[in-house]
Amino acid sequence: MDTVEKIVEDFASDIALSPFSSGTSLREMIRAIRACKTAAEERAVVRRECAAIRTAISENEPELRHRNMAKLMFIHMLGYPTHFAQMECLKLIAAAGYPEKRVGYLGLMLLLDERQEVLMLVTNSLKQDLNHTNQFIVGLALCALGNICSAEMARDLSPEVERLVRSREVNTKKKAALCSIRIVRKVPDLAENFMGLAASLLKEKHHGVLISAIQLCTELCKASRDALEYLRKNCIEGLVRILRDVSNSSYAPEYDVSGIVDPFLHIRVLKLLRILGQGDADCSEYMNDILAQVATKTESNKNAGNAILYECVQAIMGIEATSGLRVLAINILGRFLSNRDNNIRYVALNMLMRAIAVDALAVQRHRTTILECVKDADASIRKRALELVYLLVNDTNVKPLTKELIDYLNIADPDFIGDLTVMICSIVEKFSQEKLWYLDQMFKVLSLAGNHVKDDICHALIVVLSNTAEFQGYSVRSLYKALQSYVRVAVWCIGEYGEMLVNNVGMLDREEPIKVTESDAVGAVEFALSRYSADVTTGAMCLVALLKLSSRFPSTSERVKQIVAQNKENVVLELQQRSIEFTSIIQRHQSIRSSLLERMPVLDEASYLVKRATATQTTISADKLAPTVTPGSLKLPNGVAKPTSAPLADLLDLSSDGAPASTVASTTTPNDFLQDLLGIGGVSSSTTGVTSTASTDILMDLLSIGSSPSQNGTPVTDFRHPGQAESKPVPAVPEAIDLFGSLSPAETKPTPVVPQDMDLLDGLSSNTSVSGLENTTHPSITAFQSATLKITFDFKRKPGNPRVTTIHATFTNLTSSTFTDFIFQAAVPKFIQLRLDPASGNTVPANGNGSVTQGLNVTNNQQGQKPLAMRIRMSYKVNGEDRLEQGQVSNFPSGL
């Protein structure tokens, strides 16, 4: 824009001396505008000038056209509309003189773009100027065409540009090559017309022509596969020669930049070599030597040299280079990490993140330097280095790297501790092989990072603690000692495992016994409650822990009651309600308190980790370079079985209904304590005809308030791991329990039968009867068969409810190798509800010597209108190797 303004002002001096000039000159207008103190004054000056220009245009004064167009271009650069003078550009272009054409083309490039219909009127003038004998006028036409060329203009004027590429004039040839780039971009079909011309231009000696030609070759490679193959055959030798000549050439003052000959030509050639060598072993082998020469001879003490080296590294990592050349490139990036320039270090870290996928061992050699970058003063370098460290971690170096990062927590900036903590915990969760080491590292992070630790990390730690019975005593003692570091986990552990703390249960050989009385345990929770009462979540957890300690330590019940009662008048409603309810439990329900406050059941670690990994995947951006969780890469800590966490998009891709079915896990969650309290776990969901979900509110069902998923058509897809005995479906509440009878007349439901002798405290009686148990069978089908696996479906349907079908799936192994960790998944369209029962096992014997079975309950809400449709996926291991098969079942019997 500065160049345009300079041209306009230079032209103003010529116009100011013109005998035809009248009124305000360009220079005077610029002075008047710059002298304005307010935007209103500026708008007034611009309006006055635009009115004068309109008058001149209407009076058709050709002698003022130069000055008016120059003034309009300045007004346009200020952001004011100038569309009323577009035709003046065309009139100036059609003039015979060079000065008029110069201003006309300049106005054309500024005031118009390729979307303007008036641009079509200038095509003929461009064609005439491209054939002009004056090379400067030809240059003006080429510049304009290269900036605003449309597809139609490209097709019309392409022959003239091709002719000018062969011109003897260096400037014309260079501008024609640059104009060809625009033509190829707009009309890729014309690429074949410029392939031979681009190859011939590479034989020129002028560096400006060479850079333009290389740019044209690069654009041709992107536009056409045929052009890419042509340039690979005909240009590799020429490009290598150019790069060798410019690298070995002596000092040339016209091309010298900081002692390096034409770094711009270096970089353009290296970019083109990378494109040509990508995926082509022969081309890559031909350019290996010159790339090694550039990498070793280029000086790295100048910024221009570093730019060449960086582009050389990109070329080496992009082609099929030899391993030695890749190591050389990664060593150059390692040297960049020691550079004082932050920009150089940042691009080096970015490049190393891509290089680790090519040669991880070579990147590992620079691990120490990368760890130093984690401690850099620049925040962007710290974050990028931390992401690179995460990629460097493997089973062999996880312990030293984790130690380095945890040690750095002591001196890290507070703003960086959060990101550092998340990365350390991710590394520990992913690569821990021993539960004790995992717990030790997490406790260190909690003690150093404190409240910088995010809640989901603490939730994961609690899940692991509930699954490690052998280390629960050690954990509660460790957290008791560091109670002030992170209160929530410590308070939860003291409430759950307080007796282990007092009795020193599960002492390890490396531990020293500590003396903690029952009163000390209660006092620790009381201290946390008083100090962190402003945090509602922490306060609530402290109250729950105190309530549990009153059951663990009966002698402290009175003290606990007094502490809890102090919050009866708390301004926070959550804490006030808990205080009142817990005080009532302590005072009035002594008989059931011990059973009510039993230790929490073991949490499902595998399901929790899969759920969290899936939630994390949905929040990661598409272009993020950090690794995402995939079925092959998800590594659960401490020997937990590895469930399938593949994205569900493919599985749910059922084209008939647009939106995929949503997935709702039917496994029992810790939030389902109400079912246990009400004692209705004995009801079989298969006899109620109601699909059950973990999120169903029991009281809502009892009072018939709201609608269950089976009533409102919400699809249910259950993904459960075969053989996971502890994950049982939440029993459904029978539909008959409708105290208010709130069903509308429009709803049609099968007549339910009220279970007999229902007692909310003791559970349903075992003689519950439901009518319509007679089943209707359908022929069996082979739902899926490959060279390795066969799946058959058997069907049963109840006459009283034709929409509900029970499917019995049988999985048979057709190979000579046993399938282990077998998992079956299924998804259905939104008009179908699906519930999977636990499988009979997760090992499928070889050669058909046995099978695995699993039940599926399907409800077709559009039965008779749309047939059943299902997409299935099976994952398993063969000799430790992950296998995945999937398909779509479309041969269901009619009428289902």
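Not measured: the values here are computed from a predicted model.

Enquirer: Teacher, can you tell me more about the packing of helix α22 (residues 379-392) against helix α23 (residues 398-408) here?
Expert: Pairs of packed helices are described in terms of their axes, by the angle between the two and the distance that separates them. The interhelical angle for the contact between α22 and α23, taken along N-to-C directions, is 155°, at an axis separation of 11 Å. Comparing the axis directions of α22 and α23 gives the class roughly antiparallel. Once α22 is placed against α23, the crossing between them reads as left-handed. Contacts between α22 and α23 involve R382, L386, V389 and L392 on the former and, on the latter, L401, L405 and Y408. Residues of the contact of α22 with α23, tallied by class, amount to six nonpolar, no polar and one charged.

Enquirer: Please clarify how helix α24 (residues 414-431) should be interpreted in this entry.
Expert: An α-helical turn contains 3.6 residues, so a residue and the one three or four places further along point in the same direction. The end-to-end C-alpha distance of α24, which contains 18 residues, comes to 26 Å, matching closely the 26 Å that a straight helix rising 1.5 Å per residue would cover. By the burial criterion, the buried members of α24 are F416, I417, G418, L420, T421, M423, I424, C425, I427, V428, E429 and F431.

Enquirer: What is the right way to read the environment of L573 from this model?
Expert: For L573, the location among the structural elements is in helix α32 (residues 573-588). On the basis of relative accessibility, which here comes to 60%, the residue L573 falls in the exposed class. Each C-alpha atom, one on L573 and one on V536, is 9.6 Å from the other, the two residues being 37 residues apart in sequence.

Enquirer: Quick question: what am I supposed to make of the confidence of the model for the protein here?
Expert: Low-confidence regions, as indicated by low pLDDT, have predicted coordinates that should not be scrutinised in detail. The pLDDT averaged across the protein works out to 78; a share of 79% of its residues lies at or above 70. Taken together, the stretch residues 12-22 has pLDDT below 50 and engages in 14 contacts with residues farther than four places along the chain or on a different chain. Counting interchain partners and residues more than four positions distant, the pLDDT-below-50 stretch residues 620-774 has 267 contacts.

Enquirer: What should I look at first to understand the pairing of strand β10 (residues 881-889) in this one?
Expert: Judged from the nine bridges that link them, strand β9 (residues 870-878) and β10 form a sheet pairing that is antiparallel. Following the sheet pairing, M874 is matched in β10 by E885. Here β9 folds back onto β10, and the loop between the two strands holds two residues, one of which, N879, carries a positive phi near 55°.

Enquirer: What should I look at first to understand the sheet that holds β9 in this one?
Expert: Within a sheet, adjacent strands bond to each other through the backbone by hydrogen bonds, running parallel or antiparallel. Here we have three strands laid out as an open sheet, ordered β6-β9-β10, and antiparallel in their pairing. The sheet is open, and its two borders are formed by β6 (820-827) and β10, each paired with just one other strand. Here the average twist between neighbouring strands, direction ignored, is 15°.

Enquirer: Any chance you could explain the pattern of salt bridges here in plain terms?
Expert: Side-chain pairs of opposite charge can arise whenever the charged atoms involved come near each other. All told, the structure shown has 28 salt bridges when counted by the stated rule. Between D535 and R488 there is a salt bridge; the shortest N-O distance is 2.8 Å. Placement of D535 in the loop between α29 (518-531) and α30 (536-552) and of R488 in helix α28 (residues 487-503) is noted, with a sequence separation of 47 residues between them. Ionic contacts of the salt-bridge type, sharing partners, join the residues R225, E229, R232 and D280 into one network.

Enquirer: I would appreciate a short explanation of the packing of aromatic side chains in the present structure.
Expert: Given two aromatic rings, one states the distance between the centres and the angle between the planes to describe the pair. Applying the stated rule across the entire model yields 11 aromatic pairs. When the ring of W492 is compared with that of Y497, the centres are 5.8 Å apart and the planes differ by 80°; the resulting orientation is edge-to-face. An identical accessibility class is assigned to W492 and Y497; each is buried. For the ring pair F811 and F822, a centre distance of 5.1 Å and an interplane angle of 55° mean the geometry is tilted. With F811 in strand β5 (residues 804-813) and F822 in strand β6, the pair connects residues that are 11 residues apart, well separated along the chain. Assessed through its relative accessible area of 0%, F811 is described here as buried.

Enquirer: When you look at helix α6 (residues 98-111) in this model, what are you seeing that I'm missing?
Expert: For α6, with 14 residues, the first-to-last C-alpha span of 20 Å sits near the 20 Å given by 1.5 Å per residue. Among the residues of α6, those classed as buried are K101, V103, G104, Y105, L106, G107, L108, L110 and L111.

Enquirer: Quick question: what am I supposed to make of unusual backbone geometry here?
Expert: Peptide bonds are trans in most cases, and residues, glycine excluded, mostly fall at negative phi. Positive phi, normally seen in glycine, also occurs at N504, with a value near 55°. By the secondary structure assignment, N504 is in the loop between α28 and α29. For N847, which is not a glycine, the phi torsion comes out positive at approximately 60°.

Enquirer: Can you help me understand the pairing of strand β8 (residues 851-860) in this one?
Expert: Within a regular beta strand, the side chains point alternately toward one face of the sheet and then the other, so they alternate between its two faces. Of all the 10 residues making up β8, eight are buried; the element is thus mostly covered by neighbouring parts of the structure. Bridge count for β5 against β8 is nine bridges, and the pairing is antiparallel. The residue of β8 that forms the bridge with T806 is N857. Bridging between strand β7 (residues 832-836) and β8 involves five bridges; their strand directions are antiparallel.

Enquirer: Help me understand the environment of I33, please; the structure alone is not making it clear to me.
Expert: Inspection of the secondary structure assignment puts I33 in helix α2 (residues 26-34). Sequence-distant contacts of I33, that is, excluding residues within four places in its chain, are made with E42, V45, V46, F74 and L78.

Enquirer: Where do I start with the side chain of R871 in this structure?
Expert: Along the chain, R871 falls in strand β9. In terms of polar contacts, R871 uses its side chain to reach the side chain of Q888, at 2.8 Å.

Enquirer: Help me out: how do you make sense of the environment of K877 in this one?
Expert: Along the chain, K877 falls in strand β9. As for K877 and F819, which are separated by 58 residues in sequence, their C-alpha atoms are 5.6 Å apart. Setting aside residues no more than four positions away along its own chain, K877 makes contact with T818, F819, T820, D821 and D882.

Criteria and cut-off values
Position labels on residues start from 1 in each chain and follow its written sequence. Selection of residues for local features in this predicted model requires a pLDDT of at least 70, selection of side-chain atom pairs for listing and counting requires 80 or more, and totals for whole chains, interfaces and linings are taken over all residues. Think of the side-chain values as coming from all heavy atoms in the structure, minus any hydrogens and water. Axes here refer to lines fitted to C-alpha atoms; in helices the fit is confined to the stretch in contact. Angles between the N-to-C directions go from 0 to 180 degrees. Runs of H or I in DSSP of at least four residues are treated as helices and runs of E of at least two as strands, each being numbered from the N terminus. Geometric relationships in this document are graded by angle, where less than 35 degrees denotes roughly parallel, more than 145 denotes roughly antiparallel, 65 to 115 denotes roughly perpendicular, and other angles denote oblique. Each crossing gets its hand from how the near helix is turned against the far one by less than a right angle, where anticlockwise is left-handed and clockwise is right-handed. It only takes one pair of heavy atoms within 4.5 Å for two residues to be counted as in contact. Any residue outside Ala, Val, Leu, Ile, Met, Phe, Trp, Tyr, Cys, Pro, Asp, Glu, Lys and Arg is labelled polar, Gly included; the first ten of those are nonpolar and the last four are charged. How far a helix is expected to stretch is found by multiplying one less than its residue total by 1.5 Å. Any residue under 20% of the maximum accessible area for its type is buried, any over 50% is exposed, and the rest in between are partly exposed; the area is computed with a 1.4 Å probe on protein chains only. The predictor rates its confidence in each residue with pLDDT, a number between 0 and 100. Here the rule is simple: two strands pair whenever DSSP picks up at least two bridges between them. One speaks of a salt bridge when a side-chain nitrogen belonging to Lys or Arg is within 4 Å of a carboxyl oxygen belonging to Asp or Glu. Between the rings of Phe, Tyr and Trp (Trp by its six-membered ring), a pair exists once the centres lie within 6.5 Å; its type follows the angle of the planes, with under 30 degrees stacked, over 60 edge-to-face, and the other angles tilted. Any N or O atom pair separated by 3.5 Å or less is treated as a polar contact, with the protein-specific requirement of one donor-capable and one acceptor-capable atom, and with residues adjacent in sequence counted only for side-chain atom pairs.

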